[in-house]
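Each chain, written out:
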Amino acid sequence: MLESLRQWILAVTAVSLLTALCQAMMPPGPVKRMSNLTCGLLIFFVLVQPLTRADYAQLLEDFQTYYAGLGDYDTALVDTNGTLTEELIARNTAAYIEDKAEAAGIACTVTVSCGQQDGVPVPEAVTVSGSLSQTEQAWLVALAAEDLGLEAQAVQFEKREGGE
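Residues numbered from 1 in each chain as written. Predicted model: local features only at pLDDT ≥ 70, side-chain atom pairs only at ≥ 80, totals over all residues. Heavy atoms only, no water.

Colleague: Where do I start with the overall build of the chain in this structure?
Modeller: Secondary structure assignment for the chain yields four helices and three strands. Beginning at the N terminus, the succession of helices and strands in the chain can be written as α-α-α-β-β-α-β. The 164 residues of the chain split such that 19% are buried. Sequence separation of at least 24 residues holds for 57% of the intrachain contacts in the chain that already meet a minimum separation of 6. (Helix = DSSP H or I, 4+ residues; strand = E, 2+ residues; numbered from the N terminus. Buried < 20%, exposed > 50% of the residue type's maximum accessible area, 1.4 Å probe, protein only. Contact = heavy atoms within 4.5 Å.)

Written as structure tokens, this is what we have:
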């Protein structure tokens, strides 16, 4: 494909230079006007030559393959976007809970997992790691219920020895 384009550009350039040379050497008068017409037609035919030689069936097949590939790319892009959005929501929700806990004087590490609700990623489970008292655990469960709309069963606690 690129080789044919290269050859076409070389042909157009060569014919243009040749016709310019011929026109420069022509004496004025009717012969020069006829030469201008002939040179113009020659350049026109060289310019449209790829259209007359084109394999339109192959061109259509290439276009259809390209178009089908765009559909695959679109699907992959939507999937990647959904995954990245889910990870972002999980990470930001965990950071939010950790910030709230830190403001309340609770040292912990939070992990959030997301699920889909009506095609939108939403937090569905929270795992909290740390040495937490029953009061701190109850406060974190209440935070998850009030701010995230999670039920108490969705909040899990892992005991971590030694604190942070």
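Colleague: Can you help me understand the packing of aromatic side chains in this one?
Modeller: Given two aromatic rings, one states the distance between the centres and the angle between the planes to describe the pair. Per the stated rule, a full pass over the model turns up two aromatic pairs. For the pair F63 and Y67, a centre-to-centre distance of 6.3 Å together with 20° between the ring planes defines the contact as stacked. Linking F63 with Y67, this pair stays in helix α3 (residues 56-103), spanning four residues, or about one helical turn. Classification of F63 by relative accessible area gives exposed; the value is 52%. A relative accessible area of 58% means that Y67 is categorised as exposed. (Phe/Tyr/Trp six-rings, centres within 6.5 Å; stacked < 30°, edge-to-face > 60°.)

Colleague: Can you walk me through unusual backbone geometry in this structure?
Modeller: The general pattern is negative phi for most residues beyond glycine and trans for most peptide bonds. Positive phi, close to 60°, is recorded for D118, a residue that is not glycine. Considering the arrangement of structural elements, one finds D118 in the loop between β1 (109-117) and β2 (120-129).

Colleague: Help me understand the side chain of S129 in this model?
Modeller: Its location among the elements puts S129 in strand β2. According to the relative accessible area criterion, S129 is buried, its value standing at 15%. For S129, the side chain forms a polar contact with the side chain of E158, separated by 3.2 Å. (Polar contact = N/O pair within 3.5 Å; in protein donor to acceptor, adjacent residues only side chain to side chain.)

Colleague: Explain the packing of helix α1 (residues 2-25) against helix α2 (residues 30-53) to me, please; I cannot follow it from the model alone.
Modeller: In a packed pair of helices, the relevant descriptors are the angle between the two axes and the axis-to-axis distance. Two elements in contact, α1 and α2, have axes separated by 10 Å at closest approach and are oriented at 180°. If you check the angle between α1 and α2, you find them roughly antiparallel. Side by side, α1 and α2 meet where W8, A11, V12, V15, S16, T19 and Q23 of the first sit next to K32, S35, N36, C39, L42, I43, V46, L47 and P50 of the second. Tallied by class, residues from the contact of α1 with α2 come to 10 nonpolar, five polar and one charged. (Axes fitted to C-alpha atoms, helices over the stretch in contact; angles between N-to-C directions. Parallel < 35°, antiparallel > 145°, perpendicular 65-115°, else oblique. Nonpolar A, V, L, I, M, F, W, Y, C, P; charged D, E, K, R; others polar.)

Colleague: Got a minute to help me understand the side chain of T93 in this structure?
Modeller: With respect to the helices and strands, T93 occurs in helix α3. Exposure remark for T93: the relative accessible area of 10% places this residue in the buried category. One polar contact links the side chain of T93 to the main-chain carbonyl oxygen of I89, over a distance of 2.7 Å. Once residues within four sequence positions are removed from consideration, T93 is found in contact with V112, P123 and L148.

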